[in-house]
Amino acid sequence: MNSAGVPSIRFLCYTHGMTDNPKPDRRTDGVPSDPIVAVATALAPAALGIVRASGGGALTLASRVFSRPQKLLQAASHTLVYGWILDPGTGSKIDEVVAAVYRAPAGFTGEDAVEIICHGGPAVVTAVYRAFLRAGFRQAEGGEFSLRAFANGKTDLTRAEAIGEIIAAKTAEARKKASARLSGSLSAAFSAIRAKVLEAAAAVAVEIEYPEDEETVKGAFRPSLIRSAAEDLRALSATWAAEKLYQNGAELVLAGATNAGKSRLFNLLLKEERAIVSEIHGTTRDWIEAEADFGGIPVRLFDTAGLRETSNRIEAEGISRTRGLLERADIIFYVVDSAQGLTGEDRAFLCGESGKRTPVFLVWNKTDREDSLPAERIPPEWIPQTGTVFRGVFPVSAKTGDGLAYLVKCAGETLLANTESVSAETALGSLRQKKAAENAEACLRTALQNAEAGFPLDTVIQDLEDALFALGEITGETVTADVLEEVFSKFCVGK
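What comes next is a walk through the structure.

Each value, and the rule that gives it
Residues numbered from 1 in each chain as written. Predicted model: local features only at pLDDT ≥ 70, side-chain atom pairs only at ≥ 80, totals over all residues. Heavy atoms only, no water. Helix = DSSP H or I, 4+ residues; strand = E, 2+ residues; numbered from the N terminus. Buried < 20%, exposed > 50% of the residue type's maximum accessible area, 1.4 Å probe, protein only. Contact = heavy atoms within 4.5 Å. Pairing = 2+ DSSP bridges. Axes fitted to C-alpha atoms, helices over the stretch in contact; angles between N-to-C directions. Core = buried A, V, L, I, M, F, W, Y, C linked by side-chain atoms within 4.5 Å. Phe/Tyr/Trp six-rings, centres within 6.5 Å; stacked < 30°, edge-to-face > 60°. Expected span 1.5 Å × (residues − 1). Parallel < 35°, antiparallel > 145°, perpendicular 65-115°, else oblique. Left-handed = near helix turned anticlockwise from the far one by under 90°. Nonpolar A, V, L, I, M, F, W, Y, C, P; charged D, E, K, R; others polar.

Among the structural elements, E165 can be located in helix α5 (residues 157-168). Owing to a relative accessible area of 10%, E165 belongs among the buried residues under this scheme. When residues no more than four places from it in sequence are discounted, the contact partners of E165 are A178, R181, Q247 and G429.

With that settled, the discussion passes to the pairing of strand β3 (residues 48-54). Burial within β3 is extensive, with five of its seven residues counted as buried. When strand β2 (residues 36-39) meets β3, the two strands line up antiparallel, connected through four bridges. When the bridges of β3 are listed, V39 appears paired with V51. The sheet contact formed by β3 and strand β6 (residues 113-119) spans seven bridges and is antiparallel. Within β6, the residue paired with L48 across the bridge is H119.

For the rest of this paragraph, the subject is the sheet that holds strand β9 (residues 288-294). A sheet is described by the order of its strands in space; here six strands give the open sequence β9-β10-β8-β11-β12-β13, paired in mixed fashion. If you trace the sheet from one side to the other, it starts and ends with β9 and β13 (390-395), each paired once. Direction aside, neighbouring strands of the sheet carry axes that sit 25° apart on average. Where strand β11 (residues 331-337) lies against strand β12 (residues 360-365), six bridges are found, and the strand directions are parallel. When the sheet's bridge partners are listed, F333 is paired in β12 with F361. In this fold helix α10 (residues 240-248) packs onto β8 (250-256) and β10 (297-303), with an angle of close to 55° to the strand it touches most, β10.

On to the sheet that holds strand β4 (residues 79-86), then. Judged by pairing direction, the sheet is mixed, and its six strands sit side by side in the order β4-β5-β6-β3-β2-β7 without closing on themselves. The open sheet has two free edges, formed respectively by β4 and β7 (138-139), since each of these has just one partner strand. Each of β2, β3, β4, β5 (93-102), β6 and β7 touches helix α3 (residues 122-135); the most contacted strand, β6, lies at about 150° to it. Here helix α4 (residues 144-151) sits on the sheet and contacts β2, β3 and β7; the angle it forms with β2, its principal contact strand, is near 135°.

Here we come to the environment of I331. Relative to the assigned elements, I331 resides in strand β11. On the basis of relative accessibility, which here comes to 0%, the residue I331 falls in the buried class. Taking the C-alpha atoms as reference, I331 lies 6.6 Å from V253; in sequence the two are 78 residues apart. With residues up to four places along the chain from it excluded, the contact list for I331 reads E251, L252, V253, T358, P359, F361, A411, T414 and L415.

In this structure, L265, L269, F294, L301 and F333 are the most contacted members of the largest nonpolar core, which totals 30 residues. Looking at this core, the elements with two or more residues in it are α10, β8, α11 (262-270), β9, β10, β11, β12 and α14 (404-415). With six residues, α14 is the single largest residue contributor to this core. Look past the residues within four positions of F294 in its chain and what remains in contact with it is L252, L269, V299, L301, F333, V408 and A411.

Turning next to the packing of aromatic side chains. Scanning the model with the defined rule gives five aromatic pairs in all. Each ring, one from F132 and one from F137, has its centre 5.2 Å from the other, and the planes form 35°; the classification is tilted. The interplanar angle of 40° and the centroid separation of 5.8 Å between the aromatic rings of F394 and Y406 together place this pair among those described as tilted. Highlighted residues: F394 in strand β13 and Y406 in helix α14, separated in sequence by twelve residues.

Examined bridge by bridge, β4 and β5 share eight bridges and lie antiparallel to one another. Along β5, the bridge assignment pairs V81 with A99.

Moving on: the side chain of E243. Within the secondary structure, E243 sits in helix α10. Beyond its immediate sequence surroundings of up to four residues, E243 is in contact with K177, R181, A427 and L428.

With that settled, the discussion passes to α5. Along its twelve residues, α5 runs 17 Å from first to last C-alpha, staying within 8% of the 16 Å computed at 1.5 Å per residue. Of the positions making up α5, those classed as buried are L157, T158, A160, E161, A162, I163 and E165.

With that settled, the discussion passes to the packing of helix α6 (residues 172-182) against α10. With their axes 9 Å apart at the nearest point, α6 and α10 run at an angle of 125° to one another. In terms of axis orientation, α6 runs oblique to α10. The handedness of the crossing between α6 and α10 is left-handed. Listed contacts from α10 to E173, A174, K177 and R181 of α6 are E243, Y246 and Q247. Here the residues of the contact of α6 with α10 are counted per class, giving two nonpolar, one polar and four charged.

Here it is as structure tokens:
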């Protein structure tokens, strides 16, 4: 129980069972329906702010702090009502607002709900929120609005998770992929798979129920349906590697000798002046990091201290930290001043990295200078010839931007090299979904093996039922308290 005496998410449990009902009743006695309220927008200066309330009696309670209570109580669902929010103690005006009214079962949560659209100053939003608390609302827990939407059959778990993905999306491509899942495309894919398994299970059940009618039921069970469903699941599971990259991103480290142009390249990739650029060696003493977009993949860039021998303790510490970043990097841009060419230190680094798994791009920088050496003059024996981590030499001018687009394109392709190319409409959105899909596929493979080995059909149908349970965990048809905790505990308050 929480401080308000309400069961928290971890104590809620749904057991819908395996049913072919497309809209199962997800509501159970364990889901609270008392009126809750939360601030739904960031507490930062803005044009508008939103305070969201939902639950039994939500409109009645809200009318206690609204200047036009009857208008609010009589408003139809999905309409707006103008008025003021009043202090419940003094009756003084807090803010001029618009109230958006939703009546059950319409609206996001499936309950009576009201959203107060007020001015966006933090003090104003907080005052409106506190007025609702004093009117009798309870403070909502993180993800409780979405949990109620799920409990009332307004959404399934794949759509609920997509809400969190959209909020956390760092690039337009990540947002696009999450939007596809929110629209129900992934739910539809799993529904199609589930339909195949149900058809196969029904055929097995017929053969078990009527064994004496061999001629009638002969051929009813079709292993091809199970095989097709298993292949669909395998394909969906394979999409997670790329989706994980679009959601979590990658780490890219700019390394190289001092004065090679790392900081200028860093600024160019960010399209802003974040790092200090100077001709003085050792200007960057510690690493700087920032977010960038590499073809839709969120990439955390690190501008690091130049690699060289130094007696300066502060610079030496920065170089030590650089080497630590290089150990964990997903990709390395090793920057070289093309006017100076490769040094022995550069060669030592490149050859030292050739046995590792981190992809290395040799960025041949400052190609805009007249004294720039052509990349073709790099001695072949100085370039790693073994392994697959060395991605080649990339002539670039961090001053003019020449060659940058191609460098970024190749880096993005490298990050996606070990993932399967899939459309946004069919990709998984979480590791939880991947584990459940793999579990369902394993059950189907076992069912096929048992059928082919001639085991009793009772064992086959048990495997199919296990597969259906795993599929139900993905969308929420069959779900435990632990799954709900995993999904909704990650949500912010107000969502």
